[in-house]
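Structural features, examined
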Amino acid sequence: MAKRSLAERLNDGTVIVAEGYLFELERRGYLQAGSFVPEVSLENPEVLKSVYRDFMYAGSDVVLAFTYNAHREKMRIIGKEDQLEPLNRQAIRLAKEVAAEHPNEEALVAGNISNTNIFDPEDPQSKEDVRMMFREMIGWCKEEGVDFIAGETFYYHEEAMIALEEILAADLPAAIMLAMMGENQMRDGYSVEESCKILEDAGALVVGMNCFRGPATMQPYIEKIAKTVKGHLGALPVPYRTTEEHPTFFNLPDEGCTCCIPTETTFPTSLDPLYVNRYEIAEWAKEAKAAGVNYIGLCCGASPAMIRSVTEAVGLEAINSRYSPDMQKHFLFGSDDTLKQHNQAYRGKA
Ligand SMILES: [Zn+2]
């Protein structure tokens, strides 16, 4: 099958987009929490390829090049500015290698730019610096031949606009995702639906939200955006139990924690007990699809099994769907006649 573009796939149906490389590689032990710089593409390329592959096999139609935080400012902080370009190019090349392995239809490869954390609405120079950081990363994406750019986790509308302008200037399709902090609006005062509308009118192919919020506290805003925009809508929450009181994963308490943790909050290294489960994720994915979301996935904290739940919940099959849960032959829960009855009787008491 010939490889369809992102626009073609969105017009045909739902596109699955697995994200969350930062947390997943930290969890596997190949990335340092704190600075959170994706040096893994240069230091352990096989590990990164394996995570790309795991997410693609779980249903992702897109292999997102892991260049989150691989911008000039972060590389400066860790004293490795000289590795900036090789790191970006390598992350994209590895993504392309894995995308080509897809057995049905070659996956799309997305370049990735994101919140810079140096954007200051009051400081014109910061805006110019942000633009230059985006421009150089998009330039490498263009040269390496990505299919589109995912610009994401922007909590300033204006920073998202700069990203969009630079992506469009490079003549690439843009998916722009916004991330809202606890004040439930963009930090420069725009509502998220207002920001999405402006981004769509300015030429973004997909607009929506990613990161920071779990399904419960992202979905209400997705529904507001759905009423405001006409085109393709994206949603990639984090798989955690965020609440109205604690709408983001930055301030999520863990009532069950029995020890002192080194950070004031469970974010970013103690969130494990606060996951939503894969069935809750599936319920959310159905709601999101019903609200009009057709660019769907998960962000920080996602596992391949969770991504597969999203894939199947929206009516698609993953390469690894043949390993999806089936309890028929399970010693406690199964219905197979040859299973031992004394175990079955033990169900619920084990
Ligand atoms: Zn995230």
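Residues numbered from 1 in each chain as written. Predicted model: local features only at pLDDT ≥ 70, side-chain atom pairs only at ≥ 80, totals over all residues. Heavy atoms only, no water.

The protein chain is annotated in an unreviewed UniProt entry as Betaine-homocysteine S-methyltransferase from Salisediminibacterium halotolerans.

Turning our eyes to something else, we now look at the nonpolar core. Of all hydrophobic cores here, the largest spans 115 residues; its most connected members are Tyr52, Phe66, Ile176, Phe249 and Tyr295. Broken down by element, this core gets its largest block of residues, eight residues, from helix H6 (residues 84-99). Setting aside residues no more than four positions away along its own chain, Phe66 makes contact with Tyr21, Leu22, Leu25, Leu31, Pro38, Val40, Leu48, Tyr52 and Ala91. (Core = buried A, V, L, I, M, F, W, Y, C linked by side-chain atoms within 4.5 Å. Buried < 20%, exposed > 50% of the residue type's maximum accessible area, 1.4 Å probe, protein only. Helix = DSSP H or I, 4+ residues; strand = E, 2+ residues; numbered from the N terminus. Contact = heavy atoms within 4.5 Å.)

On to the domain arrangement of the protein chain. Many authors give the size of an interface as the accessible area that is lost as the parts come together. Looking at the protein chain, the domain boundaries give domain 1 (6-317) and domain 2 (326-350). Measuring from the centre of the C-alpha atoms in domain 1 to the corresponding centre in domain 2 gives 41 Å. (Domains from an automatic or database assignment.)

This part is about the pattern of salt bridges. Going through the model one piece at a time under the given rule, you end up with 28 salt bridges. Between Arg89 and Glu143 there is a salt bridge, with the nearest N and O atoms lying 2.6 Å from each other. With a gap of 54 residues between them, Arg89 in helix H6 and Glu143 in helix H7 (residues 124-144) connect regions that are remote in the sequence. For Glu143, a relative accessible area of 58% gives the class exposed. (Salt bridge = Lys/Arg side-chain N within 4 Å of Asp/Glu carboxyl O.)

A pair of packed helices is characterised by two quantities: the angle between their axes and the separation of those axes. As a packed pair, H7 and helix H8 (residues 157-169) sit with axes 9 Å apart at the nearest point and diverge in direction by 40°. With respect to H8, the element H7 is oriented oblique. Our pair here, H7 against H8, has a crossing hand that is right-handed. Judged by residue contacts, Lys127, Val130, Arg131, Phe134, Arg135 and Ile138 of H7 engage Glu158, Glu159, Ile162, Ala163, Glu165, Glu166 and Ile167 from H8. (Axes fitted to C-alpha atoms, helices over the stretch in contact; angles between N-to-C directions. Parallel < 35°, antiparallel > 145°, perpendicular 65-115°, else oblique. Left-handed = near helix turned anticlockwise from the far one by under 90°.)

All right, on to helix H4 (residues 45-57) then. The end-to-end C-alpha distance of H4, which contains 13 residues, comes to 18 Å, matching closely the 18 Å that a straight helix rising 1.5 Å per residue would cover. Among the residues making up H4, those that are buried are Val47, Leu48, Lys49, Val51, Tyr52, Phe55 and Met56. At the C-terminal side of H4, Gly59 shows a positive phi close to 125°. (Expected span 1.5 Å × (residues − 1).)

Listed as protein donors to the zinc ion are Cys211 (SG), Cys299 (SG) and Cys300 (SG); their distances from the metal cover 2.1 to 2.3 Å. Coordination of the zinc ion draws on donor residues from a single chain, spaced C-x87-C-C in sequence. Of the two residues, Cys211 sits in the loop between strand E6 (206-210) and helix H10 (215-228) while Cys300 sits in the loop between strand E8 (293-298) and helix H12 (304-313), which places them 89 residues apart along the sequence. (Donors = N, O, S within 2.8 Å, 3.2 Å for Na, K, Ca; no water.)

Under the UniProt annotation, "domain: Hcy-binding" (unreviewed entry) lies at residues 3-314. Span residues 3-314 is 43% helix and 13% strand, its end C-alpha atoms 21 Å apart. (UniProt positions renumbered as here; feature names shortened; annotations may be inferred.)

Burial within H12 is extensive, with seven of its ten residues counted as buried. If you check which residues of H12 are buried, you get Met306, Ile307, Arg308, Ser309, Val310, Thr311 and Ala313. Next to the buried residues of H12 lie strand E1 (15-18), H4, helix H11 (278-290) and E8. Gly315 sits one or two positions beyond H12 and adopts a positive phi of about 90°.

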